[in-house]
Structures are given as C-alpha cells and as structure tokens.
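Given next are the chains, with one letter for each unit.
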Amino acid sequence: MKNNPTGAMGLPDYLGEHFRTRSGLQIVCIPGCPAQPDNITETLLYLVLHLGGLAPAPPLDNLLRPDWLFGRTTRESCSRAGYTEQGKFATEYGSDPRCLVKLGCKGPVARCNVPIRGWVNGVGGCPNVGGICIGCTMPSFPDAYTPFMSPDRWGNAAANFQRFTYGPIFRYFRSRNLARRFEREPEWRQPGPALTTGYEQRN
C-alpha cells in the first residue's frame, strides 16, 4: 500500500512480469489477504503435474493469476447477487440476507472465488458470512478500496441501474412463467370422473 515502510512487493514487481524460470514457467500469483489455502494447494498441484509432464502450463490472466480461479468477479459467484436484480439491498449489517453493495461491498469489481470455494473445508468466506468483499485479491488493494465501509459510487450506480431497468422486466417474466408453467399442478393430478393410474387391468 502507499507509504509502505518495508518496501514489500510481489515477485512480478521485483523480477519483472516477463520473467521466466529455466523451464519456461511464468510467475504465478495467488492473491488474497491472506491467500485462500485451497487456491494455493490447487495451484501447487497443477504446477507439480506440469513439471511432471502430466499437464500443460497453468493458464494465467494478464495479472499472472490462475485464470480458472480468478476469471470471475465476486458478484458472479455470490449467493447474494440475485437480490440486486430484485432491488433488495442491505442497509445495515445483520439484516436479512441481501446484496451488500450499498454497505461498501466491492464484489462487482473484485475477482475472487471465495464465495463459491469457501474458506475452510468449503465453508465461510466474506460475503457468505455476512461480510463485505474488500477487494483483497486485486492488485490495487488496499489503496483503491479504502475506506472499506464506504459504498463505491459506481457500484451503487450499477446496482440502481439493474434495479430500475432490466431487473423489473426479469421479475415480471419470471413470475409470469412461474404462475403459468411451474406453479401449476399437472393435468393428470386434477380431479376427474374416475381415478386413472395409467395401468390397464388385463383379463
């Protein structure tokens, strides 16, 4: 972060982002504060399989992160994302499970797989337990994301756009589809003059 007294930096900053090992491998970055343990283990296994000739080199994004782990935003895998479309936003912590973007969640702009992976044994993770995403897997963390509890104006704008534009259209057609097709008893369950089971008694 800015004014870092230790001068700490990542390997791509120190060695250069185009650095290659003798075997031709790129630097692989596992971001997080701290990095999620299963992400580290999975990436190490991928590298071991590659070095053993059993797998290709791990595919990386432009920031040298494993693409299969950090290819989606936090919002895309968050169990609370659907509430945005419904226009339901939490206004205080501990309220009903709703989208946390108005409390400062950086899920729409941060790339992180913790909402679907969990933290320990598939359980936990910031949004899963009612906390906001603070963007700790992003290269501009923490400078671009502080103060953590302040809603991002673009996040709010995106949430309101979804709430007032295509959100109502989706809600309307979903409720209409549910009422017409999925929330109706099938015809064979309707009362009739005789009980029919589809079985014909043979003489």
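That block above? That's the structure.
Conventions and cut-offs
Residues numbered from 1 in each chain as written. Predicted model: local features only at pLDDT ≥ 70, side-chain atom pairs only at ≥ 80, totals over all residues. Heavy atoms only, no water. Phe/Tyr/Trp six-rings, centres within 6.5 Å; stacked < 30°, edge-to-face > 60°. Lys NZ or Arg CZ within 6 Å of the ring centre and 35° of its normal. Helix = DSSP H or I, 4+ residues; strand = E, 2+ residues; numbered from the N terminus. Disulfide = S-S within 2.5 Å. Buried < 20%, exposed > 50% of the residue type's maximum accessible area, 1.4 Å probe, protein only.

Participant: A description of the packing of aromatic side chains should follow, citing residues and the corresponding values.
Facilitator: With the rule as written, the count across this model stands at two aromatic pairs. Between the aromatic rings of F141 and F148, the centroid separation amounts to 5.8 Å while the plane-to-plane angle is 15 degrees, which identifies the pairing as stacked. Residue placement shows K102 over the ring face of F89; its charged tip is 5.1 Å from the ring centre.

Participant: How would you summarise unusual backbone geometry if you had to cite specific residues and measurements?
Facilitator: The omega torsion across C33 and P34 is 0 degrees, close enough to zero to call that bond cis. The step from F141 to P142 runs through a cis peptide bond, and the omega angle for that step is 0 degrees. Structurally, P142 is set in the loop between helix 6 (114-117) and helix 7 (153-164). Positive phi values are uncommon outside glycine, yet L64 reaches one of about 65 degrees. Here L64 is to be found in the loop between helix 2 (37-51) and helix 3 (67-70). A positive phi angle is found at N121, which is not glycine, with a value near 55 degrees. Secondary-structure assignment places N121 in the loop between helix 6 and helix 7.

Participant: Tell me about the state of the cysteines, and please be specific about residues and values.
Facilitator: By the definition in use, this model includes zero disulfides. There is no disulfide at C133, and the cysteine sulfur nearest it, in C105, is 5.2 Å away. C33 supplies the cysteine sulfur nearest to C136, a cysteine that is in no disulfide, at a spacing of 5.8 Å. The partly exposed category is assigned to C136, whose relative accessible area is 22%.

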